[in-house]
Amino acid sequence: MSDIFKDPIINENPITKQTLGVCSALAVTVLVEKAIVMAIALTLVISFSNVIISLMRNVIPHRIRIIVQLTVIASLVILVDMSLKAFAYEMSKELSVFVGLIITNCIVMGRADAFAMQNNAKDSFLDGMGNGIGYGSILVIVAIFRELLGSGSILGFALMPDSYVANGLMLLAPGAFIILGLIIWVQRTYTKYVEE
Amino acid sequence: MEHYLSLAVKSIFVENILLSFFLGMCSYLAISKKIEPSIGLGMAVIFVNGLCTPINWLIKNYLLDEGALVWAIGDSAMTVDLTFLAFISYIATIAAMVQLVEMTIERFSPTLYANLGVFLPLIAVNCSILGASLFMAERDYNLAESVVFGASSGVGFAMAILSMAAIRYKIQYSNIPDGLKGLGITMILTGLISMAYLSFSGIKL
């Protein structure tokens, strides 16, 4: 049980190892707060979509499984989006289209198709949680670097000395790509994984 | 006309959907290993994006927006607001269109199908397609603008994936540290390309 939950967090991390869900990993990492909200939203969607798909796995015809999965995921994303609009309107404005893009986040689709279609609901839930947390941890790490170097603060608290000149490049797209590249390097050196 | 041209330049270079909004990264990373498939995927994205964005525009403006159903039901529909269904209807349209395009191409042009076929199903879950539709809704484009925006976002994606495929071909025999091989170096290279594209942001349109 613990392996299903633990593996995706470190060894089988969805972003650095399985290369899934990279799009949103980068877009919402300008501020740590945004990254945390996004990670929670994705973890909720992936856990529950895994459970629902796993419960339905024996009645879904193979040929139309993609569209069934997309419908389940899209409905869950609508719920998340509406709750965000109701309880954290400012945050939902800032995340703009990226909440909606959870639908096409390959982690959710990928785990639904690769894991939930073959396993029972409990394991699928754990797998979803694990993958959500694995994704979220990378998101938060990237965001910590970007916010610290780009704005000199973390979660809005200024941490850098006044003499620090904020590096604007970190807030732009290239900063995100390069930091994620370096994190992948560190993670793969640690797990000794080499891509052929 | 000039307005549309500047919108196209803006969405291809200045606000490249992949290099500045990170959309479509997954298929970009997976496919850019080789040049041939990158061309195929690029073409397919241009085509499907140019088609789906205006169709989603029609759905948004004639079915989902507040009061949009007046043409069908009459004044009593003035207060009906279905915007909460936006995500699910956009993604359904995209999945259906991809299926339709695939069948049409298979029927009428077997050679094109042989080149594009495998990539079409991938496109339904390519975030750049859904992303273009969502941006279209957020920025209130009109129908013509949404055609231009959709197609040129596709062109931007195709350019990014092609240049990446070419670079990855070049670095095949480079001596890269083990952990950086594959995904890591691709990310860093993408960062450098995206830095180059930043220089377009000085253009006044």
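Residues numbered from 1 in each chain as written. Chains lettered and ligands numbered in written order. Predicted model: local features only at pLDDT ≥ 70, side-chain atom pairs only at ≥ 80, totals over all residues. Heavy atoms only, no water.

### Considering the overall build of chain B
When you go through chain B residue by residue, the secondary structure sums to 10 helices and zero strands. Along chain B, from the amino end to the carboxyl end, the secondary structure elements read α-α-α-α-α-α-α-α-α-α. Projected onto the principal axes, the alpha-carbon positions of chain B cover approximately 70 × 45 × 35 Å. Looking at the 205 residues of chain B, the share that counts as buried comes to 50%. Within chain B, counting contacts between residues at least 6 apart in sequence, those at least 24 apart form 72% of the total. Just so you have it, chain B exposes about 9500 Å², and 67% of that area is on carbon and sulfur atoms. Side chains of chain B give 10 positive and 13 negative charges; the mean places of these two sets differ by 16 Å. (Helix = DSSP H or I, 4+ residues; strand = E, 2+ residues; numbered from the N terminus. Buried < 20%, exposed > 50% of the residue type's maximum accessible area, 1.4 Å probe, protein only. Contact = heavy atoms within 4.5 Å. Areas by Shrake-Rupley, 256 points an atom, 1.4 Å probe, with all protein chains shown as cover. Lys, Arg positive; Asp, Glu negative; His and termini not counted. Charge placed at Lys NZ, Arg CZ, Asp CG, Glu CD.)

### Comments concerning the interface of chain B and chain A
With 41 residues of chain B at the interface, the matching set in chain A holds 44 residues. Between chain B and chain A, a total of about 3400 Å² is buried, with carbon and sulfur atoms accounting for 84% of that surface. Taken together, chain B and chain A are joined by one residue pair in polar contact (both at pLDDT 80 or more). Looking at the side of chain B that touches chain A, the elements that each hand over two or more residues are α2 (25-31), α5 (86-108), α8 (127-138) and α10 (183-198) of chain B. At 10 residues, the largest contribution of residues to the side of chain B that touches chain A is made by α10 of chain B. The class makeup of the residues in the side of chain B that touches chain A is 28 nonpolar, nine polar and four charged. (Buried area = accessible area lost by both parts, 1.4 Å probe. Polar contact = N/O pair within 3.5 Å; in protein donor to acceptor, adjacent residues only side chain to side chain. Nonpolar A, V, L, I, M, F, W, Y, C, P; charged D, E, K, R; others polar.)

### Looking at the confidence of the model for chain B
Residue and element names in this part refer to chain B. Averaged over every residue, the pLDDT of chain B is 87; residues scoring 70 or more account for 98%. For chain B, per-element mean pLDDT is lowest for helix α7 (residues 119-123), which scores 72, and highest for helix α9 (residues 143-170), which scores 93. Interface scoring of the predicted complex returns ipTM 0.83; its pTM is 0.86. (pLDDT = per-residue confidence, 0-100.)

### A look at empty space enclosed by the protein
All names here are of chain B. On inspection of all chains with the given rule, the structure shows two cavities of 30 Å³ or more. Considered as a void within the structure, the largest cavity measures approximately 50 Å³ in volume. The wall of the largest cavity is formed by Ser11, Glu15, Ile17, Phe21, Phe135, Arg139, Phe149 and Ser153. Within the lining of the largest cavity, the residues separate by chemical class into four nonpolar, two polar and two charged. (1 Å grid on protein atoms, 1.4 Å probe; cavity = no way out; pocket = protein on both sides within 12 Å on 5 of 7 lines; lining within 4 Å. Points joined across faces, edges and corners; volume = space filled by probe spheres on them.)

### Looking at the side chain of arginine 168 of chain B
Residues and elements named next belong to chain B. Along the polypeptide, arginine 168 turns up in helix α9. Judged by relative accessible area, arginine 168 falls into the buried class, the value being 12%. Side-chain polar atoms of arginine 168 contact the side chain of serine 32, separated by 2.9 Å. Sequence-distant contacts of arginine 168, defined by excluding residues within four places in its chain, comprise Leu29, Ser32, Lys33, Gly182 and Thr186.

### A few points about the layout of surface pockets
Here the idea is plain: a probe the size of a water molecule rolls over the atoms and shows the empty space left. Within this model, the largest pocket holds a volume of roughly 990 Å³. Every residue lining the largest pocket is counted, 40 residues in all, and those nearest its centre are Ile66 and Met109 of chain A together with Pro121, Leu122 and Val125 of chain B. Its residues placed into classes, the lining of the largest pocket shows 21 nonpolar, 10 polar and nine charged. Put simply, the second largest pocket is a space of about 680 Å³. The wall of the second largest pocket is formed by 22 residues, among which Asp81 and Lys85 of chain A together with Thr83, Ala86 and Phe87 of chain B lie closest to the centre. Put simply, the parts of the chain that give the lining of the second largest pocket at least two residues each are α4 (65-87), α5 (89-95) and α6 (97-100) of chain A together with α3 (35-64), α5 and α8 of chain B. It is α4 of chain A that provides the largest number of residues to the lining of the second largest pocket, a total of four residues. Its residues placed into classes, the lining of the second largest pocket shows 12 nonpolar, three polar and seven charged.

### With respect to the state of the cysteines
Here the structure, examined in full by the defined rule, presents one disulfide over all chains. What pairs with cysteine 106 of chain A in a disulfide is cysteine 26 of chain B, and their sulfur atoms sit 2.3 Å apart. Taking the sign of the torsion about the S-S bond as the criterion, the disulfide between cysteine 106 of chain A and cysteine 26 of chain B, at about 75 degrees, is right-handed. Taken together, the residues cysteine 106 of chain A in helix α7 (residues 106-116) and cysteine 26 of chain B in helix α2 connect one chain to another. The pair cysteine 106 of chain A / cysteine 26 of chain B is uniform in exposure class, with both members buried. The closest cysteine sulfur to the non-disulfide-bonded cysteine 52 of chain B is located on cysteine 127 of chain B, 14 Å from its own sulfur. Look at cysteine 52 of chain B and you get buried, because its relative accessible area is 0%. (Disulfide = S-S within 2.5 Å.)

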